[in-house]
Amino acid sequence: MDAVHLKRQLITFTEQLFREGFLDEQFNQLQQLQDENNPNFVVEVVSLFFQDTERLLDELSKALDQANLDFKKVDGHVHQLKGSSSSIGAQRVQRTCIIFRNYCNEKNVQACLKCLQVVKHEFALLKSKMETLFNLEQQILAAGGPPSI
């Protein structure tokens, strides 16, 4: 596939991510920080977000599995996840975290457990879609096209 066609595909896919609420304006701002001196900036930041989120989701699962549930600890993890998702423009993950924090404040165990599943699901969807986005960018470069971000 030629670079021009791949570029159109990338633009369409990125627009879809915004329309479906996976990404927000913060992702555009993150892209603007990338330049020729740091051509992998966005991939690196998003990869760190993936690693950090997987760690936080694991910690949340353990915290919610305790007999004496520490809602303050759970809320702290959710707050951290909300902040990191906001910083890369992961809008759907961030919005789910806002709801999750409300359930922590209410000390609603069942709702927190359900919210954890929703956050895990939203994160898995986002990760898959971002990997697709980054793969398209790599295909454009391999086809001789310019860096797209």
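Keep in mind that this is a model prediction, so the values were computed, not measured. (Residues numbered from 1 in each chain as written. Predicted model: local features only at pLDDT ≥ 70, side-chain atom pairs only at ≥ 80, totals over all residues. Heavy atoms only, no water.)

1. Let's talk about the UniProt feature "modified residue: Phosphohistidine" (unreviewed entry) in the chain
Here is step 1 of the chain: Those places that UniProt annotates as "modified residue: Phosphohistidine" (unreviewed entry) correspond, in this numbering, to His-79.
Here is step 2 of the chain: Within the secondary structure layout, His-79 lies in helix α4 (residues 71-88). (UniProt positions renumbered as here; feature names shortened; annotations may be inferred. Helix = DSSP H or I, 4+ residues; strand = E, 2+ residues; numbered from the N terminus.)

2. Some thoughts on the UniProt feature "domain: HPt" (unreviewed entry) in the chain
Here is step 1 of the chain: Mapped onto this numbering, the UniProt entry gives "domain: HPt" (unreviewed entry) at residues 38-143.
Here is step 2 of the chain: Along residues 38-143 the backbone is 87% helical and 0% strand, and the end-to-end C-alpha distance reaches 21 Å.

3. Digging into the side chain of Asp-75
Here is step 1 of the chain: Within the secondary structure, Asp-75 is located in helix α4.
Here is step 2 of the chain: Of the residues examined, Asp-75 reaches a relative accessible area of 14% and is grouped as buried.
Here is step 3 of the chain: Within the structure, the side chain of Asp-75 is placed 2.8 Å from the side chain of Arg-101, a separation counted as a polar contact.
Here is step 4 of the chain: If sequence neighbours within four positions are ignored, Asp-75 has contacts with Arg-101 and Cys-104. (Buried < 20%, exposed > 50% of the residue type's maximum accessible area, 1.4 Å probe, protein only. Polar contact = N/O pair within 3.5 Å; in protein donor to acceptor, adjacent residues only side chain to side chain. Contact = heavy atoms within 4.5 Å.)

4. Regarding the packing of aromatic side chains
Here is step 1 of the chain: Applying the stated criterion across every chain, the model contains three aromatic pairs.
Here is step 2 of the chain: Ring centres 6.1 Å apart and planes at 50° place the aromatic pair Phe-49 and Phe-50 in the tilted group. Phe-50 shares its class with Phe-49; the two are buried.
Here is step 3 of the chain: Ring-pair connections join several aromatic residues into one group, and the members of that group are Phe-49, Phe-50 and Phe-123.
Here is step 4 of the chain: The ring of Phe-22 carries the charged tip of Arg-92 above its face, separated from the ring centre by 3.9 Å. (Phe/Tyr/Trp six-rings, centres within 6.5 Å; stacked < 30°, edge-to-face > 60°. Lys NZ or Arg CZ within 6 Å of the ring centre and 35° of its normal.)

5. Focus: unusual backbone geometry
Excluding glycine, residues mostly have negative phi values, and the peptide bonds linking residues are mostly trans.
Here is step 1 of the chain: Look at Lys-107: it is not a glycine, yet its phi comes out positive at around 55°.
Here is step 2 of the chain: Mapped onto the secondary structure, Lys-107 falls in the loop between α5 (91-106) and α6 (109-142).
Here is step 3 of the chain: A relative accessible area of 55% places Lys-107 in the exposed class.

6. Some details on α6
Here is step 1 of the chain: For α6, with 34 residues, the first-to-last C-alpha span of 49 Å sits near the 50 Å given by 1.5 Å per residue.
Here is step 2 of the chain: The N-capping residue of α6, defined by a side-chain oxygen 3.4 Å from the backbone nitrogen of Gln-110, is Asn-108.
Here is step 3 of the chain: Just downstream of α6, Gly-144 is the residue with a positive phi angle, here 90°. (Expected span 1.5 Å × (residues − 1).)

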